[in-house]
Amino acid sequence: MEKIRFSTEIWTGDAALQGLLDFHDQRVFIVTDPFMVKSGNIAAITDQLSEKNEIKIFSDIVPDPPITKITLGVEALNKFNATVVVAVGGGSAIDAAKAMKFFTKRITKQKEEILFIAIPTTSGTGSEVTNFSVITNSEAGIKYPLVTDEILPQIAILDADLVKTAPQNITVDTGMDVLTHCLEAYVSIDANDFSDALAEKAFQLVFENIEKVSKDGSNIEARQRMHNASCIAGMAFNLANLGLNHGIAHAAGAKFHIPHGRLNTILLPHIIAYNANIARNSSNVAALKYCNLARLIGLSASNPRIGIRSLTNTIIQLRRKLKMPDSFQAYGIKKELFDQSKNDIAEAALKDGTTAANPRKPTKEDIIAILEESFTKN
Ligand SMILES: NC(=O)c1ccc[n+]([C@@H]2O[C@H](COP(=O)([O-])OP(=O)(O)OC[C@H]3O[C@@H](n4cnc5c(N)ncnc54)[C@H](O)[C@@H]3O)[C@@H](O)[C@H]2O)c1
Ligand SMILES: [Zn+2]
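As the structure is a computational prediction, the values presented were derived from the model and not from experiment.

Chemist: Outline the pattern of salt bridges, supporting the account with residue identities and numerical values.
Modeler: Charged atoms that come close allow side chains of opposite charge to pair. Applying the stated criterion across every chain yields a total of 13 salt bridges. Of the charged contacts, one joins arginine 106 and glutamate 150 as a salt bridge, the two residues approaching to 2.8 Å between their closest N and O atoms. Separated by 44 residues along the polypeptide, arginine 106 in helix α4 (residues 91–108) and glutamate 150 in the loop between β7 (142–147) and β8 (155–158) bring together distant segments of the chain. Judged by its relative accessible area of 41%, arginine 106 is partly exposed.

Chemist: Go over the coordination of the zinc ion (ligand 2) with me, naming the residues and quoting the values.
Modeler: Around the zinc ion (ligand 2), the protein supplies Asp177 (OD), His181 (NE2), His246 (NE2) and His260 (NE2) as donor atoms, at distances of 2.1 to 2.2 Å. Between the four donor atoms coordinating the zinc ion (ligand 2), the angles at the centre fall across 87 to 172°, so the site counts as irregular. Taken in chain order, the donor set of the zinc ion (ligand 2) reads D-x3-H-x64-H-x13-H. Here histidine 246 is found in helix α8 (residues 244–256), whereas its partner histidine 260 is found in helix α9 (residues 260–276), with 14 residues between them in sequence. The exposure class assigned to histidine 246 is buried, which follows from its relative accessible area of 1%.

Chemist: An account of the site of ligand 1 is needed here, citing residue identities and associated values.
Modeler: By nearness alone, 28 residues border ligand 1, and Gly91, Ser92, Asp95, Thr121 and Thr122 come closest of all. Within the complex, 91% of the 860 Å² of free accessible area of ligand 1 lies under protein. Comparing atom positions with the cavity grids shows ligand 1 to sit within the largest pocket. Those elements that provide at least two residues to the shell around ligand 1 are α1 (34–38), α4, β6 (132–137) and α5 (168–187). Per element, the largest residue contribution to the shell around ligand 1 is four residues, and it comes from α5.

Chemist: Tell me about the sheet that holds strand β5 (residues 115–120), and name the residues and values.
Modeler: An order of β1-β8-β5-β4-β2-β3 is seen for the six strands of this open sheet, with the pairing classed as parallel. Each edge of the sheet is formed by a strand with only one pairing partner; in this case those strands are β1 (9–12) and β3 (54–58). Here the average twist between neighbouring strands, direction ignored, is 20°. As defined by bridge partners, β1 adjoins β8 across four bridges and the pair is classed as parallel. When the bridges of β8 are listed, tryptophan 11 appears paired with isoleucine 157. In this fold helix α3 (residues 67–80) packs onto β2 (27–31), β3 and β4 (84–89), with an angle of close to 170° to the strand it touches most, β3.

Reading guide: rules and limits
- Residues numbered from 1 in each chain as written.
- Chains lettered and ligands numbered in written order.
- Predicted model: local features only at pLDDT ≥ 70, side-chain atom pairs only at ≥ 80, totals over all residues.
- Heavy atoms only, no water.
- Salt bridge = Lys/Arg side-chain N within 4 Å of Asp/Glu carboxyl O.
- Helix = DSSP H or I, 4+ residues; strand = E, 2+ residues; numbered from the N terminus.
- Buried < 20%, exposed > 50% of the residue type's maximum accessible area, 1.4 Å probe, protein only.
- Donors = N, O, S within 2.8 Å, 3.2 Å for Na, K, Ca; no water.
- Tetrahedral: all angles 85-135°; square planar, octahedral: opposite > 155°, others 65-115°.
- Near = heavy atom within 4 Å.
- Areas by Shrake-Rupley, 256 points an atom, 1.4 Å probe, with all protein chains shown as cover.
- 1 Å grid on protein atoms, 1.4 Å probe; cavity = no way out; pocket = protein on both sides within 12 Å on 5 of 7 lines; lining within 4 Å.
- Sits in = over half its atoms within 2 Å of the grid points.
- Pairing = 2+ DSSP bridges.
- Axes fitted to C-alpha atoms, helices over the stretch in contact; angles between N-to-C directions.
- Contact = heavy atoms within 4.5 Å.

Geometric descriptors of this kind do not, in isolation, establish any biological role.
In structure tokens form, the structure reads like this:
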């Protein structure tokens, strides 16, 4: 038996932030990064919190949040004795806040539940609706996914106005992360009709809107659609998990420090080819499902071979139009560092919890081959 539950309440539409006006007499701990304070996004949120609340802002978060920052955050959160945690930012701020809340509860053995609100400012990770947090051990060069329902936000606020300040590169990196979430959740061994419905819708929304937001970041309608797609894809992979693309991206991200979505996009065509395994068998489940997605966005897909070719070519063209690198080399990773790291990346990717849901079970040699294909231009 499987129990399917969507427990995060989603506040969306005009003036969604005004829901915060209902909070009184709370101790509100805001977790964010320095840019959010500078850009005025935090002021837009604190303006909605009445003076009857005590507010503390922890604005030290950096991309790929390291354990050291989490430790500082746990101390500050504990000292402040928060009743509400509000995470404001991209996946890094939301994931860091999740880990802080989790470890604070463990260390202090506190009984009262802290209310957790996630307010994403990128349309990418879907972290606002997932039980998933990715934390980095910078010294060891490893990213750890923490997976537990204890870190699921109770409330997610989707306000696309907060995303408008994202520059073109962050907009497309995070947008392509959404696309990767859709593709991985859809072909995952844990996919079901519910996660498929979510992944299909989010996939269409990304294809309809990503070029619009890349060209014009002030297009608020397209921004809201991408924001919705990110959240819907998060709901899909919260049910179905992800796959090898993320397994490798977590491992390689900790070594190469490439933005998460950009790294996923370098790997994507190679992962589709590996999973579809078209040379051997043109009708495995993943191949048929990729073909469904190709049809959904109007590509020719009269058989799996044609469908997968059209899907892969369309993703490669999209990547070019979005001005994204097509290989590790094009991103600027040096061959020496790549060669030194590939064995460790393959070993870490094999152990990553997301790899377990991949439709084709990889060996270490398979992963090294995918990494090598992704090193040079395709
Ligand atoms: N929890 C999950 O379910 C999940 C899923 C996928 C990835 N992740 C993790 O999330 C992290 C990536 O998150 P991300 O891609 O959202 O990026 P991020 O949070 O790392 O932010 C990237 C940069 O964008 C900036 N930024 C964020 N919002 C902005 C805005 N509105 N305007 C201008 N700049 C803005 C940040 O200041 C930062 O410099 C990685 O650590 C990844 O492993 C988590
Ligand atoms: Zn991702």
